[in-house]
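Chain by chain, the residues run as shown.
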Amino acid sequence: MASMILTGCGNTTELEGTTEPVPEPEVQNTSEEETITYDIPLMNELGIDAYCEKLGIKEYEYPSEFELTEDLKNTIETAFLYEGEFISDDLINDTEWKSTFVDRFLQNSWYSNDYLANNISDDCLMDKDQIEYVQYSTTGKYISFDEYATDKLDISHASSGFNTATIIDYEADDQDDTVTIIANIGVCEGIKEDYDSTYEVSVILLKNPYSCIDGYSIDSLSYKETTSYQEPDGKEHWVFGDFVDYNEEQQYLEFEYSYADDEINSERNFSHFFTVDISEHPEFYDFVKEHEDSDTYYNYEIAFIFDENNPAPFDMIKPTGIDAISL
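Since the structure is predicted, the reported quantities are computational estimates derived from the model, not experimental observations.

A. Structural view of empty space enclosed by the protein. Counting across every chain of the model gives one cavity of 30 Å³ or more. Size it by volume and the largest cavity reaches roughly 40 Å³. Lining the largest cavity we find Ala79, Glu83, Phe86, Leu91, Trp97, Phe105, Thr138, Thr139 and Ile218. Looking at the lining of the largest cavity, the elements with two or more residues in it are α3 (70–83), α5 (97–106) and α7 (128–139). Within the lining of the largest cavity, the residues separate by chemical class into six nonpolar, two polar and one charged.

Right, here's the structure in full:
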């Protein structure tokens, strides 16, 4: 039996007890880094440093003021042109998005970015991890591309649409983790200074330090058209086009735009393809078919009245006449 003497305040107290040591209180280590979970599974599997090394990327260093870089500008223009309005949370669940992303952001001869230019092998083959990374950079949301787990994507098989979109000017509101951009965008066929249509576009960007789009991803995009179209003049005009197809059920003729005889019929008012409603003139189909069945190639001259029944822009016109021109 041992005893312990406790003293204090002038008093002495003797307690009987054991000589076993009193355990020290546990001290929690607060210096350990918290575990960070990333959206891309491979980031978590490898760790961020190993992932960045594997993909050839590094964390983006933000400037003191927001900068609309060329890569970010091109990405916004391409997203607007091919998707229009969207919210990225909904977009990634669209059944068409994966194929659209591959076609319009990876195999588009009119779109690229520094990552695609500098990190893809000379044979232009992208693997699954690279595809998932660029998609994640674009939308800020991860989706898998398991279809490329074994067969890589050849981005040299590129094509492009007929139209282009260009940011004319913009204003930016930088708020901590987001940037709101209000931009005026012009759209035209090919590349030219005279836009066929204009739009006011609102884009919300999320800061994403590992995005290859210069540290940002597009969270949402919306727009309203601001094109100033000409008022109907009640006169007859002519547009020229090559025959493409006939919709028998709806009685439509489809044409590819060639050229026009005046400013009213310019590319500003017509898309690359336009529709002619012949429901009131079914004989126009017989006329076109007769010429298409011949051995001669024809271009067609289509007359219409620019009035309330045929408002600009001319996605569909109701004709007053059709003539064939042999070429």
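B. Unusual backbone geometry, seen in detail. In this chain, Ala312 is followed by Pro313 through a cis amide linkage whose omega measures 0°. Mapped onto the elements of the fold, Pro313 is located in the loop between β13 (298–305) and β14 (316–317). Unlike most non-glycine residues, Asp214 shows phi in positive territory, near 50°. Within the fold, Asp214 resides in the loop between β8 (197–207) and β9 (216–225). Residue Asp214 is classed as buried on the basis of its relative accessible area, which comes to 17%.

C. Quick look at the sheet that holds strand β10 (residues 236–247). Sheet architecture is open: six strands sit in the order β14-β12-β11-β10-β13-β15, paired in mixed fashion. Of all the strands in the sheet, just β14 and β15 (319–326) have a single pairing partner and so form its edges. Two elements, β10 and β13, share six bridges in a ladder whose sense is antiparallel. If you follow Glu236 over to β13, its bridge partner there is Ile305. Against the sheet, helix α8 (residues 283–292) engages β10, β11 (252–260), β13 and β15, with an angle of about 10° to β15.

D. Up close: the nonpolar core. Within the largest apolar cluster, 53 residues are counted, with the highest numbers of intra-cluster contacts made by Ile76, Leu106, Met126, Tyr133, Val134, Ile181 and Leu205. With sequence-adjacent residues up to four places away left out, Ile181 is seen in contact with Phe66, Leu68, Ile76, Tyr170, Glu171, Ala172, Val201, Ser202, Val203 and Leu205. By size, the runner-up hydrophobic cluster in this structure holds 22 residues, among which are Ile264, Ile302, Phe306 and Ile322.

Basis of the calculations
Residues numbered from 1 in each chain as written. Predicted model: local features only at pLDDT ≥ 70, side-chain atom pairs only at ≥ 80, totals over all residues. Heavy atoms only, no water. 1 Å grid on protein atoms, 1.4 Å probe; cavity = no way out; pocket = protein on both sides within 12 Å on 5 of 7 lines; lining within 4 Å. Points joined across faces, edges and corners; volume = space filled by probe spheres on them. Helix = DSSP H or I, 4+ residues; strand = E, 2+ residues; numbered from the N terminus. Nonpolar A, V, L, I, M, F, W, Y, C, P; charged D, E, K, R; others polar. Buried < 20%, exposed > 50% of the residue type's maximum accessible area, 1.4 Å probe, protein only. Pairing = 2+ DSSP bridges. Contact = heavy atoms within 4.5 Å. Axes fitted to C-alpha atoms, helices over the stretch in contact; angles between N-to-C directions. Core = buried A, V, L, I, M, F, W, Y, C linked by side-chain atoms within 4.5 Å.

Just geometry here; none of it tells us what the structure is for.
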